[in-house]
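Examining the three-dimensional arrangement
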Amino acid sequence: MVPTHRSDRALLGPSRPGRHRHYRVRPPPLQPPKPPLPPNRPPQNPKFPPHPPLHPLNPPTTLSIHPTPHLTLHNSPNSQSLPNSFHLVAEHELNNNPWAHTDADTPTAFATVYALPCAKWAVALRLHTMVCDRTTAVELLRELCGEEMGAGGEFRGKDEVNLGIEKLVPSGKGSKALWARGLDLVGYSLNSFRFCNLPFRDCESERSSAVVRLRLSAEETLRLLSECKARGIKLCGPMGAAGMMAAHTSKQLPEHQWEKYAIVTLVDCRASLDPPLHPYNFGFYHSAILNTHDVCGGSTEFWDLANRCYTSFNNAMNSNKHFTDMDDLNLLMCKAIDNPGLTPSSSLRTSFMAVFEDSVIDNSSESAASQELGLLDYIGCSSVHGVGPSIAVFDTIRDGALDCACVYPTPLHSREQMEELIQNMKKILIQGSCDS
């Protein structure tokens, strides 16, 4: 599962060089009439509302741009490639956690501007998951790129503050008998001992999050999506299947040996809440569904496994398990944080992989706003070195081509290990689409 109390990031890399050492950043457009982000992390006290309003800043804030600090990347000598400077900044931001040892007055959002080589800039937005899930991060990115500007230069949305997801679950959909809740808790706990993981490289050292990109061409993506459409499944099915098959292959096990993997699928619940919310309703409104699947190297067929992945997820959704099991999974994650020894090798790994039900669709690169900004690249993801999966896949279909930011905890897993896994996933996805 993707960890709580971490942060989502939207990172931009415009190519247009800045002419001044200072830029004026105006926060009000990212506030009302949009639902405002709370300026500070509220203390653990029920007297404080979960989402206090954010008042516009006046005058506009000035950010000083300095050369990128001395950032070092612990890269294995066997790694296939050394990340570029933008990738390096992204990983640095993923592991910069101002909320770890501070009080309730810490802001919920931070912005940093980096000077990169070749007269390029990188803008990093770091937000607490209390106010930012992937949908919120995507909406913020679109606003920054000028895609959601309405008439008169104002953003869409209502000037209101939303409740937490637990308060918006439709009546009757989140209820579960006490005995059923206890049975599910026992089931989740016992089944977790049967889950298989990637081999752990270093369980003792302090951990951080790192990123490997998985990219397909537009033609390869079109074939993959066409196969998904023909089978009536979403991309999360083949992504999970490719990950499990690549993990099984990487262990070089006998073909007849079966392994059980846990896949967490994250669901944006906004549309099914009461009342329904929109993408511009900022906050954390994702829930998780955990499913397990058996994989055998010699007899597991890719599209059969992809169908199983999506069908089991869809059946769980139809049974409202994204609502009924929300408290169960949250409780188990909290127990894992308090008692790391309950997880394999005290790794805090609660599943093998996390994927999203729906991909982000972005066709903005040719837009006038993106052209004016000189936008070259961006990464949107969250850290996973707390409690979570071995790999979290943040997938985007950008101008028709699949682009995934695959985040993993290091040195629990090495970069060369994850590069090999991602390359195998890519081969399985391409081969599966061509063979059908």
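Residues numbered from 1 in each chain as written. Predicted model: local features only at pLDDT ≥ 70, side-chain atom pairs only at ≥ 80, totals over all residues. Heavy atoms only, no water.

1. Topic: the overall build of the protein
Per the secondary structure count, the protein includes ten helices and 14 strands. For the protein, buried positions account for 50% of its 436 residues. In the protein, the share of contacts with a sequence separation of at least 24, taken over all contacts with a separation of at least 6, comes to 80%. Of the roughly 20500 Å² of accessible surface on the protein, 55% is carried by carbon and sulfur atoms. (Helix = DSSP H or I, 4+ residues; strand = E, 2+ residues; numbered from the N terminus. Buried < 20%, exposed > 50% of the residue type's maximum accessible area, 1.4 Å probe, protein only. Contact = heavy atoms within 4.5 Å. Areas by Shrake-Rupley, 256 points an atom, 1.4 Å probe, with all protein chains shown as cover.)

2. Focus: the pairing of strand β14 (residues 401–410)
β14 sits mainly inside the fold: ten of its ten residues count as buried. The pairing of strand β7 (residues 208–215) with β14 spans eight bridges and is antiparallel. Across the sheet, Ser-209 pairs through a bridge with Pro-409, a residue of β14. Sheet topology places strand β13 (residues 388–398) next to β14; seven bridges connect them, and they run antiparallel. Paired with Thr-396 across the bridge in β14 is Asp-403. (Pairing = 2+ DSSP bridges.)

3. Regarding the pairing of strand β6 (residues 120–128)
Extensive coverage of β6 is indicated by the burial of seven of its nine residues. For strand β5 (residues 109–116) and β6, the ladder comprises eight bridges, and the chain directions are antiparallel. What sits directly across from Tyr-114, in β6, is Ala-122. Where β5 folds back onto β6 in an antiparallel hairpin, the turn is made up of three residues, including Cys-118, whose phi is positive at roughly 65°.

4. Notes on the packing of aromatic side chains
Each aromatic ring pair is specified by the distance between its two centres and by the angle formed by the two planes. Under the counting rule described, the total for this entry stands at five aromatic pairs. Here Phe-302 and Trp-303 contribute two aromatic rings whose centre-to-centre distance is 4.9 Å and whose plane-to-plane angle is 65°, an arrangement assigned as edge-to-face. The class for Phe-302 is buried, based on a relative accessible area of 6%. With a centroid separation of 6.1 Å and an interplanar angle of 50°, the aromatic rings of Tyr-310 and Phe-313 are classed as tilted. Residue Tyr-310 and its partner Phe-313 are located together in helix α6 (residues 302–318), separated by three residues, close to a single helical turn. Taken as a pair, Tyr-310 and Phe-313 share a single burial class, namely buried. One residue, Arg-398, lies across the ring of Tyr-378, its end atom 3.9 Å from the ring centre. (Phe/Tyr/Trp six-rings, centres within 6.5 Å; stacked < 30°, edge-to-face > 60°. Lys NZ or Arg CZ within 6 Å of the ring centre and 35° of its normal.)

5. Here's the deal with the packing of helix α5 (residues 236–250) against helix α10 (residues 415–435)
Two measures define how a pair of helices packs: the angle their axes make with one another and the distance between the axes. Put simply, α5 and α10 touch, their axes get as near as 8 Å, and they point 125° apart. Accordingly, the angle class assigned to the pair α5 and α10 is oblique. Taken as a pair, α5 and α10 cross one another with a handedness that is right-handed. Of the residues in α10, those in contact with Pro-238, Met-239, Ala-242, Gly-243, Met-245, Ala-246 and Ala-247 of α5 are Leu-421, Asn-424, Met-425, Ile-428 and Leu-429. Residue composition of the contact of α5 with α10, grouped by class: ten nonpolar, two polar and no charged. (Axes fitted to C-alpha atoms, helices over the stretch in contact; angles between N-to-C directions. Parallel < 35°, antiparallel > 145°, perpendicular 65-115°, else oblique. Left-handed = near helix turned anticlockwise from the far one by under 90°. Nonpolar A, V, L, I, M, F, W, Y, C, P; charged D, E, K, R; others polar.)

6. Re the nonpolar core
In this structure, Leu-214, Met-239, Phe-352, Ile-391 and Leu-402 are the most contacted members of the largest nonpolar core, which totals 48 residues. The greatest single-element share of this core, amounting to nine residues, is contributed by α6. Filtering out sequence-adjacent residues up to four positions away, Ile-391 remains in contact with Phe-352, Met-353, Ala-354, Cys-406, Val-407, Met-418, Leu-421 and Ile-422. The next biggest cluster of nonpolar side chains, apart from the first, holds 26 residues, and it includes Ala-124, Val-211, Leu-329 and Phe-394. (Core = buried A, V, L, I, M, F, W, Y, C linked by side-chain atoms within 4.5 Å.)

7. Considerations on the environment of Ile-337
Relative to the helices and strands, Ile-337 is located in helix α8 (residues 326–338). Note on Ile-337: relative accessible area 45%, which makes it partly exposed. Sequence spacing of Ile-337 and Gly-388 is 51 residues, and the spatial spacing of their C-alpha atoms is 9.9 Å. With near-sequence residues (within four places) excluded, Ile-337 lies in contact with Leu-348 and Val-387.

8. Here we look at the environment of Ala-392
Of note, Ala-392 is situated in strand β13. Classification of Ala-392 by relative accessible area gives buried; the value is 1%. With 39 residues separating them along the chain, Ala-392 and Met-353 place their C-alpha atoms 5.7 Å apart.

9. Concerning the pattern of salt bridges
Working definition: two side chains of opposite charge can pair if their charged atoms are close together. The tally for this structure, following the rule as stated, stands at 22 salt bridges. Close ionic contact of Asp-268 with Arg-270 constitutes a salt bridge, the shortest N to O distance being 2.9 Å. We classify Asp-268 as partly exposed; its relative accessible area is 29%. Where Arg-398 meets Asp-377, a salt bridge forms, and the shortest distance between an N and an O atom there is 2.9 Å. Of this pair, Arg-398 sits in strand β13 while Asp-377 is found in strand β12 (residues 375–382), placing the two residues 21 residues apart along the sequence. In terms of burial, Arg-398 and Asp-377 fall into one category: buried. Each of Lys-176, Asp-184, Lys-321, Asp-325 and Asp-328 takes part in salt bridges that share partners, so that together they form one network. (Salt bridge = Lys/Arg side-chain N within 4 Å of Asp/Glu carboxyl O.)

10. A closer look at helix α2 (residues 134–144)
Of all eleven residues making up α2, nine are buried, and the element is well covered by its neighbours. Taken together, the buried positions of α2 are Arg-134, Thr-135, Thr-136, Ala-137, Val-138, Glu-139, Leu-140, Leu-141 and Glu-143.

11. Comments concerning the side chain of Asp-325
By the element assignment, Asp-325 lies in the loop between α7 (321–324) and α8. Overall, Asp-325 belongs to the buried group, its relative accessible area being 1%.

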